[in-house]
Amino acid sequence: MAGLIIPSGPTVFSPTALPRLEQAFSAGTNEIARLVAALQNQPSPASLRSEPRLAPDEQPLETRLFDALAAAKILTAQVAMHLDGEWRTKLFAQLDSLHDAEEWEAGDEPIDPLSFQTFLKAFLAIKPARRPGLGLSYTGNLIAAWTTGRDRLTIEFLPNDRVHWVLAVYPDEGEPDRFAGQVDVSRLVQGLAPHNPEHWFLDASDNQPAR
Amino acid sequence: MQAITNLPDNDHVMRYVPWGRLRRDGDDNVLGFLGVAFQRRANEDSLSVNWLEYFPGDRDTKIRASVTKFRETIHVGTKSAFGVGNVARVKNVCRANGARVRIVYEPTDDNLSHSGIRRLPRDDLSILDALAADAFVDLVQNTAIP
Amino acid sequence: MRFAASLDSTDLDKVSSAFKSFYPREELLKGVQFHLNIPQGIDATPPDHHTISQIGYRRSSPDLTHILLLLPPMLVISQLAPYPGWNEFFGRFRRDWAVWKKSVGYRKIVRTGVRYINRIDIPSSDHVLYEEQFLNVYPHIPEVLGPMTQYAVQAQLPMLDIGCNLTLNSSVVLSPLLGHRSFVIDQDIAKDNPPQSDEDIYNLLNVIRIRKNRVFEACITDRARELFEPWQA
């Protein structure tokens, strides 16, 4: 059995990973290479998209918002088989709400697809019973917020699998305790584990105190 | 040149918070503010707020006047809200989380109440969350102000 | 569906409008291909070049799972996950095919095919994953070379009994899930010079669907099967 090594970071398969050396090869060899390249798995026609003719900041706002939402929804489709249908519908409603042109603040960026990818990975790893409230930073990073009484957990999803999280737990008296972390999304569950994540992620009826 | 004036500790400031930066539950019910509502943009030296006591009248009158001024100078979304915080409380919350801020009067041509929170770290989520939860404790819905 | 004669821009505009109620969102597709042939001895011979410009439409449903591509020589009806099942997807095809024909009339079909792209997500906590435990389609590499980090394989097979050709691709892809490794089984089953009547087309597509399921089942092991409930596609 040959087996596949599981790399620690993302790998990218590139049909053109090798340097272009046509000038070093005979015509016959180049023809063989061309025939092999023609066998490469072509993208599905449904993935064809129009290339924007304008720079993002020159496009109408509605176009920018729609394109960003479209990218997020297509990313969701890639993991739809792992998502509850009702949750997916409500997620789309939340994303649509965040990208309402009437509520949009000038200078903000719509949702960054790389941030949304990080969010999906985290969500599918955590599988919270309670849906979070969603927000958006001005740079287009998606934010998920869980609130239980006065206690707050907020996670900002950055591109490239990074997350920033902060949680605040309010004792009966005195100042709140705050904890924060910046981790790779693969270690988010581990990072939250000492802070009783069920306090935020379970349904209210099943809720556990923070400590 | 306008002398830099720190706002008095007993006074209040108001921050505009668009819909996308309101803290909500999974059903989009508004609960408060997200920390990023108080995040400076990269090209900003200070966090913009209105000085509430610039306006005359009682508290409600000041709030209405400040909201009106926001509506005159920026796009205010229907579902947005405004956070109100006491100056001393804002400074204390920041200090408790490791930042010494100044809240200074920075009037502009179109907004004479404009002020700024200076020296606020831009990417410190703990401070931003603390501002959202413990400093700007009053939330005024845009729809509540005719 | 690929046609012998391409639609002109007027017909493309017309057929795109005909689908507006089913696929409200419209995007313009434009592609330019530039071929530059520079023979040996360039100083002596001027270069040839061809520029091909292609225009079409991509229409989609509000949730972007129903996609329609309208290109001069082609009609493509696509469904992203979550899949509603074959009956619903086939029903959409029948509806869209009827709309297309009503809009532009009969065009000779030169190729009818269906492409299925399945991704299999395998939880993996081990450093090395043995693909042959989950798949029956993979490259055979001498063990002495050690484990791979990436692969892609393609095979083209005739399906003589149904007059179709199968192009089968299998590869490792970046997994969208933490702690998983993902593989794609990509089947394209198509018939050149297919039947032209609606009933015969529908029958062909149903036959292709049944054959696709058999191919997919043949490409995976029982261990992969345990990971998911197969779609009733």
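Residues numbered from 1 in each chain as written. Chains lettered and ligands numbered in written order. Predicted model: local features only at pLDDT ≥ 70, side-chain atom pairs only at ≥ 80, totals over all residues.

1. A few points about the overall build of chain A
Thought 1: Within chain A, the secondary structure is distributed over six helices and six strands.
Thought 2: Looking at chain A as a whole, 30% of its 211 residues qualify as buried.
Thought 3: If you take every contact in chain A between residues at least 6 apart in sequence, the share linking residues at least 24 apart comes to 53%. (Helix = DSSP H or I, 4+ residues; strand = E, 2+ residues; numbered from the N terminus. Buried ≥ 20, exposed ≤ 12 C-beta atoms within 10 Å, placed from the backbone. Contact = placed C-beta atoms within 7 Å.)

2. Side note on the interface of chain A and chain B
Thought 1: Each partner contributes residues to the interface: chain A has 29 residues there, and chain B has 26 residues.
Thought 2: When contributions to the side of chain A that touches chain B are tallied by element, the ones reaching two or more residues are α3 (85–98), β2 (133–136), β3 (142–148), β4 (151–157), β5 (162–169) and β6 (177–184) of chain A.
Thought 3: Across the side of chain A that touches chain B, the residue classes break down as ten nonpolar, nine polar and ten charged. (Nonpolar A, V, L, I, M, F, W, Y, C, P; charged D, E, K, R; others polar.)

3. Overview of the sheet that holds strand β7 (residues 114–118) of chain B
Residue and element names in this part refer to chain B.
Thought 1: One open sheet accounts for six strands, arranged β6-β7-β4-β1-β5-β8; its pairing is antiparallel. Of all the strands in the sheet, just β6 (102–105) and β8 (138–141) have a single pairing partner and so form its edges. Taken over all neighbouring pairs, the strand axes of this sheet differ in orientation by 35° on average, direction set aside.
Thought 2: Where strand β5 (residues 81–86) lies against β8, four bridges are found, and the strand directions are antiparallel. Within β8, the position partnered with Gly83 by the bridge is Leu139.
Thought 3: Of the strands in this sheet, β1 (12–17), β4 (46–51), β5 and β8 are in contact with helix α1 (residues 59–73), which crosses β4 at around 130°. (Pairing = 2+ DSSP bridges. Axes fitted to C-alpha atoms, helices over the stretch in contact; angles between N-to-C directions.)

4. Concerning the pairing of β5(A)
All names here are of chain A.
Thought 1: Of all eight residues that make up β5, seven are buried, and the element is covered over most of its length.
Thought 2: The pairing of β4 with β5 spans six bridges and is antiparallel. Bridged to Thr154 within β5 is Val166.
Thought 3: Hairpin connection of β4 to β5: four residues between the antiparallel strands, including Asn160 at a positive phi of 60°.
Thought 4: In this structure, β5 lies alongside β6, joined through eight bridges in antiparallel fashion. Pairing of Val163 across the sheet is with Val183, part of β6.

5. Comments concerning the confidence of the model for chain A
Thought 1: Looking at chain A as a whole, the pLDDT averages 83, with 70% of positions reaching at least 70.
Thought 2: Within chain A, no element has a lower average pLDDT than helix α1 (residues 27–38) of chain A, which sits at 66, and none a higher one than β2(A), at 98. (pLDDT = per-residue confidence, 0-100.)

6. Notes on unusual backbone geometry
Generally, phi is negative for residues other than glycine and the peptide bonds are trans, each holding for most cases.
Thought 1: Cis geometry is found at the peptide bond from Ala81(C) to Pro82(C), where omega equals 5°.
Thought 2: Counting through the fold element by element, Pro82(C) comes out in the loop between β5 (74–79) and α2 (86–104).
Thought 3: Positive phi, close to 50°, is recorded for Asn196(A), a residue that is not glycine.
Thought 4: Position of Asn196(A) among the secondary structure elements: in the loop between α5 (188–192) and α6 (198–201).
Thought 5: Its identity as a non-glycine residue notwithstanding, Asp28(B) has a phi of 65°, on the positive side.

7. Quick notes on the nonpolar core
Thought 1: Counting residues in hydrophobic clusters, the biggest one holds 75 residues, and the most contacted among them are Leu142(A), Ile143(A), Val13(B), Val90(B), Leu131(B) and Ala132(B).
Thought 2: Ranked by residues supplied to this core, first place goes to helix α3 (residues 125–135) of chain B with eight residues.
Thought 3: If we skip the residues at most four places from it in the chain, Val90(B) touches Val13(B), Gly85(B), Ile103(B), Ile117(B), Leu131(B) and Ala135(B).
Thought 4: With twelve residues, the next largest nonpolar core counts Val15(C), Tyr57(C), Leu69(C) and Leu80(C) among its residues. (Core = buried A, V, L, I, M, F, W, Y, C linked by C-beta atoms within 7 Å.)

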